[in-house]
Amino acid sequence: MAVNIESTDAGTDPLPRGRWKYLDKFITRPGAFTDPDAFEPGQAAIEGLERQKVLVIGAGGLGCEILKNLALSGFKDIHVIDMDTIDVSNLNRQFLFRASDVGSYKAEVAAKFVEKRVKGVKITPYCGKIQDKDEEYYMQFSMIVCGLDSIEARRWINATLVGMVDGENPDSMKPLVDGGTEGFKGQARVIFPTMTSCIECQLDMHAPRAAVPLCTLATIPRQPQHCIEWAHIIAWEEHRKDITLDTDDPEHITWLYQKALARAKEFNIEGVTYSMTQGVVKNIIPAIASTNAIVAASCCNEAFKIATNTNPFLGYPEQDNYMMYTGDESVYTYTFEHQKKDDCPVCGSGNIARPLQVNPNITLQDFIDGLAERPEAQLKYPAIRTGEKSLWMQLASLQEQLRPNLDKRMVDLVEEGEELTITDKSFPTQFKYKVVFSK
Amino acid sequence: MADLPPPVQGPTAKEKKYDRQLRLWGATGQIALENSHILLINSGPGVVGVETLKNLVLPGIGNFTIQDSSIVSEADLGVNFFLEEEHLGGYRAEHTCNLLKELNPDVDGHVITEPLESWLPQEGALKPYTLIIATAPVQPELLAKLADHASAALIPLFYAHSVGFYSHFSIHLPPAYPIVDTHPSPETTQDLRLLRPWPELLQYAEAKTANIDSMSAEDHGHIPYVALLLHYLEEWKKDHNGKIPETYKEKTEFRSVVTQAARTNNPEGGEENFDEAVAAVLKSLNPPQPSSDVKEIFKATECVLVGEKSPSFWVIANAIGMFHQKHGVLPVPGAVPDMKARSVDYIELQNTYKSKARRDLAEVVENVRFLERNNKRQHPADEKDIEAFCKNAAHIKLVRGRPFHIVQLDASSKKVVTWGDRAKSIAQTLTLPDSLIPLYIAFLAWDEFTATHAKDGLGGAPQVPGEQDPESDAEKLTGIAFKMADDLIKEANAAIDEDEYATIKGQIRQFAQELVRAGGAELHNIGALTGGMVSQEVIKVITEQYVPVDNTCIFDGIKSKSMVIKV
Ligand SMILES: [Zn+2]
């Protein structure tokens, strides 16, 4: 079967466009894998691409790459949100920033830089939180590309986009392309809200690191990290309660470091360093330019294909939607379809409660502490109620009354099979769980 | 006064800037980067090359040089981020170099604007460079010259394609490229020697488990799991004629012995240290055998025939081989995972492992010095290197670098591509679902097409497929690729099912069509993605850390899949 390859390069139409000579090869020529029903090569495809309004969330390591890539993929109207300012430790990979930009807003500097470098692209920055914006704001975009380091922010935008889908209005479904990296590893995924598996469905793929039990920190430290966490959580509270810990303040880090070092000495533990103190306290994740480049480019490659249909993209229903990347031992990618989950609290089919293993003997306090770490929940500020009563609330005025619950055992508060509804101020959704007592 | 912690040495400006990467490759990796001088031979639209450099300038290589004789055109501005309108008509090398240098004041950049064909043959042209990256298209005879230099000077050479939605890169490393610091994942590195305990470790376990049944709950719940496992192993041996649990069945049986020994009559309904012991049974009760990779290093000619001029890696490898021959195990690495235990007991356990590791190291050092005397070596190996080798002995890697394919076009060569000892394995991989070998073949065909077609038809600038006449170029490229596939199957002497071969040919045709569609164009995204991968491999090769691609990686940006093969 021969595919007819036509060239529209010659002739008198507005093509070729000098600057976009390379890009137009794909926009004006069909390929062996293009879908003739979805892709009409030529002027119409160019206009389709230029009409797209794309939102980029994050202007850090991934965000800088994403802005550059989208601008050089022919997108003309790009918005970017980031609340952070530039730190000196960003300069080893966030290539739109210079030493003289330290302290300025990332979104602003990044937008200005790319606008200047790539003529004809408009980039609108917003220096603030994604939570500042409402559905109406998100509705104006045709697509969202996300390069964040916060799981919470990802879950928030995911739940918001899923909530916006209106069956009557196809424009209300905004594809979400999401990238993430850690050291030599990363992933790129495409979500069509309500159609494909969503961030919440995939939550257990990104389990948080287990916290060290408080009693270990308080009485039996064994690792240098335990001494640092002790200084961070216990010693600071004891000695400097009135000063808010600022992990960017060198004096504060130095204080913690010295406390940790003294404690390590007391227990004959080796290895506490300033750099480790910083790493533990700020929960620093190693980051390099190359992994960011790979993951961001993969995201933008999908975004470009979605916007133009110049080739099939990830996220087609029942097709692959997730690419996992590992680069520390050779290069390995695994691309697969992550299945949508019926009991997903965000995109699930209804109000199916997810089974949740609960140790009947632990206290409510322990249960709440555990929720933050459990891969399938990761809720830090939960309000918990059963069918008939509230077990715990986040409102301070109500907590007084519920405080006695914290010391009660779970078995005395809930029954096997009972439904728990948990809400968390970080997410515009509620999580339903069915209690399964572990043996 | 002695109790006061020492004054704090805050991080230096450089440590602050590079903090996020120093946590991966450390100060030694950073120094290696800073001592490098990378040459980029940039061709085609030049995106993959420049994006590669971007990711190397940011983390702080010492020097880079761009060889590129092309002039900035309008088309460059739509695909290359490191050019601006005012550069139109100037040398592309010069302007990209300047904009790249802005990224990091610690890095120095240089340019060569002379055409490759006249610059490369000059005496000593490649001498300053510690690593070379060439991006397609490069004339095969010039690429062969680069490969000859790489082989003679033991300099790593990278060759990359980025054409439309597809890309490829190959790495030509020296024939013996050892990596000591492979950064294995912590889960795979635990080597606790529970089946080969030494007397001090046994004494430790005995002391911690004495009167285990009458211990207080507090004590019982804090016995380190290593001591628990050693204790129950001794008990097991008493009931099994001195034998340890060997089969899977025996190990699961042993596991239930440990499970049942935990006390459950407490509020938690169990004991964390026992949980840890149970979880560790299957992975810890294995005889400490060196991997086949490590055994191969011991058997390598360079290791067996260590001499006066051998790199110190081989002297240390030989010395560890001697240790292994004598004891049947590798030196103890000395690291102990965290576990539920009281601080003092844990530190004591750590010291038991550390002091054994030190004794093993001392023995290896002695072996090294013996070899050095015997071979009249001038410079003794650094003890730090020997220590690093001992610590990671089970995870050392040796990459056998080799030249990658360069299409042979002179009349004397019978085949355009020779697969040699890889023919069989590659022919087998060809038929796997999702195999990207058909794409690799299409890229080789692309090289042959480009080398045999000139823009003016008179041997001028190379003409890439699809630039002018996509339809007929697609037929031609497919024909070249089919011939290469036929040759591969012939060379491999492989029997391949006709239907299966028809499927593969269909894939080759589609890949070729998509390459032709590009007409030599790079998509910025694919250039950036591939530049990310190439720069990552360059960093691994320069720092001699982590494990590089051996030796070819192919990426399909339509399906978002990659494949690594050795060619
Ligand atoms: Zn979901």
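Residues numbered from 1 in each chain as written. Chains lettered and ligands numbered in written order. Predicted model: local features only at pLDDT ≥ 70, side-chain atom pairs only at ≥ 80, totals over all residues. Heavy atoms only, no water.

### Examining the overall build of chain B
Of the regular secondary structure elements, chain B holds 22 helices and ten strands. Considering only C-alpha atoms, chain B reaches an extent of 95 × 70 × 60 Å along its principal axes. Relative to its full complement of 567 residues, chain B shows a buried share of 56%. Within chain B, contacts between residues at least 6 apart in sequence are counted, and of these 70% link residues at least 24 apart. A total of about 24000 Å² of accessible surface is found on chain B, and carbon and sulfur atoms cover 51% of it. Taking the average location of the 55 positive side-chain charges in chain B and that of its 78 negative ones, the two points are 7 Å from each other. (Helix = DSSP H or I, 4+ residues; strand = E, 2+ residues; numbered from the N terminus. Buried < 20%, exposed > 50% of the residue type's maximum accessible area, 1.4 Å probe, protein only. Contact = heavy atoms within 4.5 Å. Areas by Shrake-Rupley, 256 points an atom, 1.4 Å probe, with all protein chains shown as cover. Lys, Arg positive; Asp, Glu negative; His and termini not counted. Charge placed at Lys NZ, Arg CZ, Asp CG, Glu CD.)

### Some words on the interface of chain A and chain B
As a measure of interface size, the accessible area lost when the parts come together is often cited. The interface of chain A with chain B comprises 95 residues on the first partner and 90 residues on the second. Summed over both partners, the interface of chain A with chain B comes to about 7800 Å²; 57% of that surface belongs to carbon and sulfur atoms. Where chain A touches chain B, the interface holds ten salt bridges. In this structure, B:Glu84 and A:Lys116 form a salt bridge, with 3.3 Å as the shortest nitrogen-oxygen distance. At the boundary of chain A and chain B, one finds 40 residue pairs in polar contact (both at pLDDT 80 or more). Listing elements by their share of the side of chain A that touches chain B, those giving two or more residues are helix H1 (21-28), helix H3 (61-71), helix H4 (106-117), helix H9 (250-266), helix H10 (274-281), helix H11 (289-308), strand S7 (322-326) and strand S8 (332-336) of chain A. Here the side of chain A that touches chain B gets twelve residues from one element, more than from any other, and that element is H11(A). Class assignment of the residues belonging to the side of chain A that touches chain B gives a composition of 44 nonpolar, 31 polar and 20 charged. (Buried area = accessible area lost by both parts, 1.4 Å probe. Salt bridge = Lys/Arg side-chain N within 4 Å of Asp/Glu carboxyl O. Polar contact = N/O pair within 3.5 Å; in protein donor to acceptor, adjacent residues only side chain to side chain. Nonpolar A, V, L, I, M, F, W, Y, C, P; charged D, E, K, R; others polar.)

### What to know about a negative patch on the surface
Taken together, the side chains of B:Asp497, B:Glu498, B:Asp499 and B:Glu500 make up a negatively charged region of the molecular surface. Within the fold, B:Asp497 resides in the loop between helix H20 (470-492) and helix H21 (498-518). (Patch = residues over 30% accessible without salt bridge, like charges linked within 9 Å, V, L, I, M, F, W, Y side chains within 5 Å.)

### Remarks on the environment of B:Leu282
Residue and element names in this part refer to chain B. Of note, Leu-282 is situated in helix H12 (residues 272-284). On a C-alpha basis, the gap between Leu-282 and Arg-255 in space is 8.2 Å, while along the polypeptide they are 27 residues apart. Setting aside chain neighbours within four positions, we find Leu-282 in contact with Tyr-248, Lys-251 and Arg-255.

### Points about the sheet that holds S8(A)
Residues and elements named next belong to chain A. An order of S3-S2-S1-S4-S5-S6-S7-S8 is seen for the eight strands of this open sheet, with the pairing classed as mixed. A single partner strand is all that each edge strand has here, and the edge strands are strand S3 (122-126) and S8. Sheet twist, expressed as the average angle between the axes of neighbouring strands with direction ignored, equals 15°. In terms of strand pairing, strand S1 (residues 53-57) meets strand S2 (residues 77-81) through five bridges, oriented parallel. By the bridge assignment, Val-56 is partnered in S2 with Val-80. (Pairing = 2+ DSSP bridges. Axes fitted to C-alpha atoms, helices over the stretch in contact; angles between N-to-C directions.)

### Some thoughts on the coordination of the zinc ion
Residue and element names in this part refer to chain A. Looking at the metal site, the zinc ion is ligated by Cys-198 (SG), Cys-201 (SG), Cys-344 (SG) and Cys-347 (SG), spaced 2.3 Å from it. Here the zinc ion binds four donor atoms, and the angle range of 100 to 120° at the metal identifies the geometry as tetrahedral. All donors of the zinc ion come from a single chain, and their spacing in sequence reads C-x2-C-x142-C-x2-C. Placement of Cys-198 in the loop between strand S6 (185-191) and helix H7 (214-219) and of Cys-347 in the loop between S8 and strand S9 (354-358) is noted, with a sequence separation of 149 residues between them. Of the two residues, Cys-198 and Cys-347, neither departs from the other in class, the shared state being buried. (Donors = N, O, S within 2.8 Å, 3.2 Å for Na, K, Ca; no water. Tetrahedral: all angles 85-135°; square planar, octahedral: opposite > 155°, others 65-115°.)

### Describing the packing of aromatic side chains
Within this structure, the stated rule accounts for 23 aromatic pairs over all chains. Measuring from centroid to centroid gives 4.4 Å for A:Phe184 and B:Tyr546, while their planes differ by 55°, and the two rings are tilted. Linking A:Phe184 in the loop between strand S5 (176-182) and S6 with B:Tyr546 in the loop between helix H22 (524-543) and strand S9 (552-556), this pair reaches from one chain into another. For the ring pair A:Tyr334 and A:Phe336, a centre distance of 4.8 Å and an interplane angle of 15° mean the geometry is stacked. Classification of A:Phe336 as buried rests on a relative accessible area of 13%. Counting every residue linked through ring pairs, the aromatic cluster contains A:Phe95, A:Phe113, B:Phe81 and B:Phe82. (Phe/Tyr/Trp six-rings, centres within 6.5 Å; stacked < 30°, edge-to-face > 60°.)

### A short note on the packing of helix H15 (residues 312-327) of chain B against helix H16 (residues 343-374) of chain B
Residue and element names in this part refer to chain B. Taken N-terminus to C-terminus, the directions of H15 and H16 make an angle of 125°; their axes are 8 Å apart at the nearest point. One element, H15, and the other, H16, form an angle in the oblique class. Crossing hand, H15 versus H16: right-handed. Here H15 contributes Val-315, Ile-316, Asn-318, Ala-319, Ile-320, Met-322, Phe-323, Lys-326 and His-327 to the contact with H16, which in turn contributes Asp-360, Glu-363, Val-364, Asn-367, Val-368, Phe-370, Leu-371 and Glu-372. Here the contact of H15 with H16 is composed, by residue class, of ten nonpolar, three polar and four charged. (Parallel < 35°, antiparallel > 145°, perpendicular 65-115°, else oblique. Left-handed = near helix turned anticlockwise from the far one by under 90°.)

### Here's the deal with the confidence of the model for chain A
When pLDDT is averaged across chain A, the result is 91; 96% of the residues are at 70 or more. With pLDDT under 50 throughout, residues 1-13 of chain A is counted as low confidence; its partners more than four residues away or in other chains account for 25 contacts. (pLDDT = per-residue confidence, 0-100.)

### A word on the sheet that holds strand S12 (residues 419-424) of chain A
Residue and element names in this part refer to chain A. Across the sheet, which stays open at both edges, the five strands sit in the order S9-S13-S12-S10-S11 with mixed pairing between neighbours. The strands lining the two open edges of the sheet, one partner per strand, are S9 and strand S11 (390-392). Direction aside, neighbouring strands of the sheet carry axes that sit 35° apart on average. In this structure, S9 lies alongside strand S13 (residues 430-437), joined through five bridges in parallel fashion. If you follow Val-358 over to S13, its bridge partner there is Phe-437. Helix-sheet contacts for helix H12 (residues 364-373) involve S9, strand S10 (382-385), S11 and S12, and the interaxial angle to S10 is about 130°.

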